[in-house]
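# Structural overview
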Amino acid sequence: MAQADILKDGGLEGGLDDRVPFLARLERDDRVALLALGRVLGFTPRVPLIHQHEPSSHILLILHGWTKVTAAAANGYEALLALRGPGDIIGESSALTGRPRAATVTALEAVEAVAVEHDRFRDFLGHSPEASLTLLKLTTDRMRAADRRRLDFASLTVRERFAVLLLDLARTHGRRTPEGIELAVPLSKQELAGSIGASREMVQRLLKELRERRAVATGRRMLVILRPDILRQVARSA
């Protein structure tokens, strides 16, 4: 999504969900004012934008590119919590609470973002009640989506969770090719595993099964869904 697409007005009728980014929710004047408070930073693929547990000094507003949000447990297991892209805000929780970063955010491709210092961000929210309410609504939408995802996944097997994940990624981050639907965000097997609470070895086995059924084709950080109907059958097999 280009910056022009992020910053245009309209297109939000009918209610919002957690996939509608922060910048797209703001009124135009608030959006322009907030972006003017920061400086533009560039990040190359696989470079962290922020690190879990580190002190926080600024929030980030993504203009271009996609990132992954991960958190590591004490035993070293890393969970993929979310994907954040154009228009999304990162680090707002630390800005408001003063606590260390709760997660690591890493660029999946070339990323351009605006960094706004905490003091400036909090001052902006203090002078714009509408923007503050918008941020609260976004936080609520994200929490509800996370709760819904945990509830849905609790009743599914790992195989079913994986099929649901691939269908969701195809819907939100897929691009059509002559072969099928290619996932536009490059995720490793470990990152896919971390999104469904499984091991890398389990994801390898599941991908092998799906390749044998000619439902998907895979390469290095590349996955094309050839038969979404097969994935839907697996997802409904509970």
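Residues numbered from 1 in each chain as written. Predicted model: local features only at pLDDT ≥ 70, side-chain atom pairs only at ≥ 80, totals over all residues. Heavy atoms only, no water.

Looking only at helices and strands, the chain has 10 helices and 12 strands in total. Projected onto its principal axes, the C-alpha positions of the chain cover 55 × 40 × 35 Å. Here the chain holds 238 residues, and 45% of them are scored as buried. Contacts in the chain between residues far apart in sequence, at least 24 positions, make up 69% of those at least 6 positions apart. As displayed, the chain offers around 12,700 Å² of accessible surface, 52% of which is attributable to carbon and sulfur atoms. A gap of 7 Å separates the mean positions of the 36 positive and 30 negative side-chain charges of the chain. (Helix = DSSP H or I, 4+ residues; strand = E, 2+ residues; numbered from the N terminus. Buried < 20%, exposed > 50% of the residue type's maximum accessible area, 1.4 Å probe, protein only. Contact = heavy atoms within 4.5 Å. Areas by Shrake-Rupley, 256 points an atom, 1.4 Å probe, with all protein chains shown as cover. Lys, Arg positive; Asp, Glu negative; His and termini not counted. Charge placed at Lys NZ, Arg CZ, Asp CG, Glu CD.)

Let us now look at the pattern of salt bridges. This model, assessed by the stated rule, comprises 13 salt bridges. Between arginine 25 and aspartate 141 there is a salt bridge, and its shortest N-O distance comes to 3.0 Å. Here aspartate 141 lies in helix 6 (residues 129-154) and arginine 25 lies in helix 2 (residues 22-25), a separation of 116 residues in the sequence. A salt bridge links arginine 175 to glutamate 182; the nearest nitrogen and oxygen atoms lie 3.8 Å apart. Taken together, the shared-partner salt bridges connect Arg46, Lys68 and Glu191 into one network. (Salt bridge = Lys/Arg side-chain N within 4 Å of Asp/Glu carboxyl O.)

This brings us to the side chain of serine 56. The topology assignment puts serine 56 in the loop between strand 2 (48-50) and strand 3 (58-64). For serine 56, the side chain forms a polar contact with the side chain of arginine 101, separated by 3.0 Å. Polar contacts involving the side chain of serine 56 include one to the side chain of histidine 118, which spans 2.8 Å. Contact partners of serine 56, with chain neighbours within four places excluded, come to Ser94, Ala95, Arg99, Arg101 and His118. (Polar contact = N/O pair within 3.5 Å; in protein donor to acceptor, adjacent residues only side chain to side chain.)

Here we take up the nonpolar core. Counting residues in hydrophobic clusters, the biggest one holds 31 residues, and the most contacted among them are Phe162, Leu166, Leu187, Leu192, Val216, Leu223 and Ile225. Those elements giving two or more residues to this core turn out to be strand 5 (78-84), helix 7 (158-173), strand 10 (181-183), helix 8 (189-196), helix 9 (200-212), strand 12 (222-225) and helix 10 (228-235). With 6 residues, the single largest contributor to this core is helix 7. When near neighbours in sequence (up to four residues on either side) are disregarded, isoleucine 225 contacts Leu166, Ala170, Gly180, Ile181, Leu183, Ala215, Val216 and Leu231. (Core = buried A, V, L, I, M, F, W, Y, C linked by side-chain atoms within 4.5 Å.)

This part covers the sheet that holds strand 10. Taken in spatial order, the 4 strands make up an open sheet running 9-10-12-11, and their pairing is antiparallel. For this open sheet the edge positions go to strand 9 (174-176) and strand 11 (216-219), each flanked by a neighbour on one side alone. Pairwise comparison of adjacent strand axes, ignoring direction, gives a mean angle of 25° for this sheet. Where strand 11 meets strand 12, 4 bridges bridge the pair, whose relative direction is antiparallel. Residue pairing across strands places alanine 217 opposite valine 224, the latter belonging to strand 12. (Pairing = 2+ DSSP bridges. Axes fitted to C-alpha atoms, helices over the stretch in contact; angles between N-to-C directions.)

Another point: the packing of helix 7 against helix 8. The contact between helix 7 and helix 8 brings their axes to 10 Å, and the two run at 110°. In terms of axis orientation, helix 7 runs roughly perpendicular to helix 8. Pair helix 7 / helix 8 crosses with right-handed handedness. Contacts from Val158, Arg161, Phe162, Leu165 and Leu169 of helix 7 reach helix 8 at Leu192, Ser195 and Ile196. When the residues that make up the contact of helix 7 with helix 8 are grouped by side-chain class, the tally is 6 nonpolar, 1 polar and 1 charged. (Parallel < 35°, antiparallel > 145°, perpendicular 65-115°, else oblique. Left-handed = near helix turned anticlockwise from the far one by under 90°. Nonpolar A, V, L, I, M, F, W, Y, C, P; charged D, E, K, R; others polar.)

Relative to the assigned elements, arginine 232 resides in helix 10. You can call arginine 232 partly exposed: its relative accessible area is 38%. In the structure, arginine 232 is positioned 34 residues away from alanine 198 in sequence and 20 Å away in space, judged by C-alpha atoms.

As for its position among the elements, threonine 106 is in strand 7 (residues 104-107). Discounting chain neighbours no more than four positions away, the residues touching threonine 106 are Arg46, Val47, Pro48, Leu49, Trp66, Thr67 and Lys68.

These values are about where atoms sit, not about what they do.
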